[in-house]
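Secondary and tertiary structure notes
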Amino acid sequence: MRPPRMSIHYFIIWVRRQPPKVKAFLAVISGMLALVLLRSIVHDHDNLFVAAEAVHSLGISVLIYKLMKEKTCAGLSLKSQELTAIFLAVRLYCSFVMEYDIHTILDFSTFITTLWVIYMIRFKLKASYMEEKDNFAIYYVVGPCAVLALLIHPSTSHHILNRIFWAFCVYLEAVSVLPQLRVMQNTKIVEPFTAHYVFALGVARFLSCAHWVLQVLDSGGHLLVALGYGLWPSMVLISEIVQTFILADFCYYYVKSVFGGQLVLRLPSGVV
C-alpha cells in the first residue's frame with residue numbers, strides 16, 4: 001500500500017503542473033469543502049473567531065520563541081509588526097467603547113506581545129534586522145485604508161468617529177501582512193520560525209473568514225442587515241476574503257515544504 005505522504009507528494013506535483021485557472025478553481029473548491037466541514041463540526045460559529053485570535057496569538061508566540069532562542073530577527077518585517085500593533089490598538093479602543101468581551105482580552109494579549117516583538121527588533125536585535133529587505137512603504141496601505149474608512153464605515157448608533165475607527169482597523173488588518181510577504185519575496189528563503197508564524201496568520205485569517213461567511217449563511221443574510229446598510233457589510237466580507245487569499249499562496253508552499261520534509265521554505269519568484 002502506498003504511504004500517505006507519497007500520495008500527497010504526487011498530488012502536490014500534479015497541482016503544480018496545472019494552469020493558473022485550474023489552481024484557482026481547486027483553491028475555491030478546497031475552501032468550500034473546508035467551510036462545509038467547519039459548519040458540520042462547529043455548532044457555535046463565534047468559536048471560529050475566538051480560534052482565529054488564539055491562532056494569531058500562537059503565531060506571535062512562535063516569533064517570541066525565535067527571538068529568544070536564536071537571538072536574531074532576520075527575515076521578520078518590522079513594518080508588518082507595526083501595522084499589526086496599529087490595527088490592534090484601534091480595535092482595542094473600539095472594543096472598550098463599543099463592546100467589551102473575550103475578543104478584547106485576546107486582542108490585548110496579542111497587542112502586548114506584538115509591542116514586545118517591535119521592541120526586540122528595534123533595539124535588542126537591531127543588528128540582525130534586514131532593513132533593506134523590509135522596503136514596503138506602509139503609507140501605501142495606511143493612507144488608502146484611512147480614506148476608505150472615511151467613505152465606507154458602519155451605520156450603527158455609535159459615534160461616527162468610533163465607526164470610522166472600526167472600519168479602519170478592519171481594512172488595515174486585511175493588508176497588514178503585505179510588508180512581511182515583501183521581505184520573504186526579497187529573500188526568497190524563509191527560515192522555519194518565520195514560516196510557522198506566517199502560516200499561523202493564514203490559518204487565523206481563514207478561520208475569521210469562515211466565521212463571517214457561516215454567520216451570514218446561518219442568519220439567512222440578516223447579519224448583513226445587522227452590520228448596517230450601504231457598502232459596509234459587503235466590505236467586511238471582502239476584507240476577510242482578501243486577507244485569506246493574500247496568504248493562500250504562501251500557505252500552499254508551506255504545506256508542500258512540510259510534506260516534503262524541508263525545514264527551510266524556498267519561494268519561487270512571484271509567489272507573493
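No experiment lies behind these values; they were computed from the predicted model shown.

**A few points about the overall build of the protein chain**
Assigned secondary structure in the protein chain consists of 11 helices and two strands. Along the chain direction, N to C, the helices and strands of the protein chain fall in the order α-α-α-α-α-α-α-α-β-α-α-α-β. Taking all 272 residues of the protein chain together, 46% fall into the buried category. Considering only contacts within the protein chain whose residues lie at least 6 apart along the sequence, 77% involve residues at least 24 apart. A total of about 14,200 Å² of accessible surface is found on the protein chain, and carbon and sulfur atoms cover 69% of it.

**So, the environment of Gly75**
For Gly75, the position within the fold is in the loop between α3 (46–70) and α4 (78–98). The class for Gly75 is buried, based on a relative accessible area of 15%. Along the backbone, Gly75 and Ile189 are 114 residues apart, and their C-alpha atoms lie at a distance of 8.7 Å. Those residues in contact with Gly75, other than ones at most four positions away along the chain, are Met130, Gln180, Val183 and Thr194.

**Digging into helix α6 (residues 139–151)**
Look at α6: 18 Å from first C-alpha to last across 13 residues, which is about the 18 Å you get at 1.5 Å a residue. Every buried residue belonging to α6 is among Val141, Cys145 and Ala149, and all of these are buried. Within α6, the buried residues cover an arc of 60° as seen down the axis, which keeps them to one side. Pointing more than 90 degrees away from the buried face of α6 are the exposed residues Tyr139, Tyr140, Leu150 and Leu151. For α6, the secondary structure elements touched by its buried residues are α4, α7 (160–175) and α8 (178–187).

**Some thoughts on a nonpolar patch on the surface**
Residues Tyr93, Phe96 and Val97 make up a contiguous nonpolar surface patch of roughly 290 Å² in combined accessible area. For Phe96, the position within the fold is in helix α4. Given the relative accessible area of 54%, Phe96 is considered exposed.

**What about the packing of aromatic side chains?**
Aromatic ring pairs: the centre-centre distance and the angle between the two ring planes describe each pair. Summed over the entire model, instances satisfying the criterion amount to four aromatic pairs. A ring pair is formed by Tyr119 and Phe123, whose centres lie 5.5 Å apart and whose planes are at 40°; its orientation type is tilted. Of this pair, Tyr119 and Phe123 both sit in helix α5 (residues 102–124), separated by four residues, roughly a single helical turn. Relative accessible area serves as the criterion here: at 38%, Tyr119 is assigned to the partly exposed category. Look at Phe123 and you get exposed, because its relative accessible area is 56%. Ring plane angle 70° and centroid distance 4.8 Å describe the contact between Tyr139 and Tyr140, whose orientation is recorded as edge-to-face. Classification of Tyr139 by relative accessible area gives exposed; the value is 57%. We classify Tyr140 as exposed; its relative accessible area is 57%.

**As for the side chain of His153**
Residue placement: His153 occurs in the loop between α6 and α7. Looking at His153, the relative accessible area reads 17%, which means it is buried. Looking at His153, its side chain comes within polar contact range of the main-chain oxygen of Ala149, at 3.0 Å. At 3.3 Å, the side chain of His153 and the backbone oxygen of Leu150 are in polar contact. Beyond its immediate sequence surroundings of up to four residues, His153 is in contact with Ile160, Arg163, Ile164, Ala167 and Trp232.

**Observations concerning the UniProt feature "transmembrane region" (unreviewed entry) in the protein chain**
Sites flagged by UniProt as "transmembrane region" (unreviewed entry) map to residues 21–42, 104–123, 135–152, 164–181, 193–214 and 234–255. In the segment residues 164–181, helix accounts for 89% and strand for 0%; the C-alpha atoms at its two ends are 27 Å apart.

**Regarding the packing of α4 against α7**
Here α4 crosses α7 at 145°, and the two axes come no closer than 9 Å. Note that α4 runs across α7; the crossing there is left-handed. On the side of α4, the interface is formed by Leu83, Ile86, Phe87, Val90, Arg91, Tyr93, Cys94, Val97 and Met98, while α7 contributes Asn162, Phe165, Trp166, Phe168, Cys169, Leu172 and Glu173. Residues belonging to the contact of α4 with α7 are distributed by class as follows: 13 nonpolar, one polar and two charged.

**Things to note about unusual backbone geometry**
The phi dihedral of Lys71 is positive, around 55°, even though this residue is not glycine. Here Lys71 shows up in the loop between α3 and α4. By relative accessible area, Lys71 is classed as exposed at 57%.

Reading the values: rules and limits
- Residues numbered from 1 in each chain as written.
- Predicted model: local features only at pLDDT ≥ 70, side-chain atom pairs only at ≥ 80, totals over all residues.
- Heavy atoms only, no water.
- Helix = DSSP H or I, 4+ residues; strand = E, 2+ residues; numbered from the N terminus.
- Buried < 20%, exposed > 50% of the residue type's maximum accessible area, 1.4 Å probe, protein only.
- Contact = heavy atoms within 4.5 Å.
- Areas by Shrake-Rupley, 256 points an atom, 1.4 Å probe, with all protein chains shown as cover.
- Expected span 1.5 Å × (residues − 1).
- Arc of directions from axis to C-beta.
- Patch = residues over 30% accessible without salt bridge, like charges linked within 9 Å, V, L, I, M, F, W, Y side chains within 5 Å.
- Salt bridge = Lys/Arg side-chain N within 4 Å of Asp/Glu carboxyl O.
- Phe/Tyr/Trp six-rings, centres within 6.5 Å; stacked < 30°, edge-to-face > 60°.
- Polar contact = N/O pair within 3.5 Å; in protein donor to acceptor, adjacent residues only side chain to side chain.
- UniProt positions renumbered as here; feature names shortened; annotations may be inferred.
- Axes fitted to C-alpha atoms, helices over the stretch in contact; angles between N-to-C directions.
- Left-handed = near helix turned anticlockwise from the far one by under 90°.
- Nonpolar A, V, L, I, M, F, W, Y, C, P; charged D, E, K, R; others polar.

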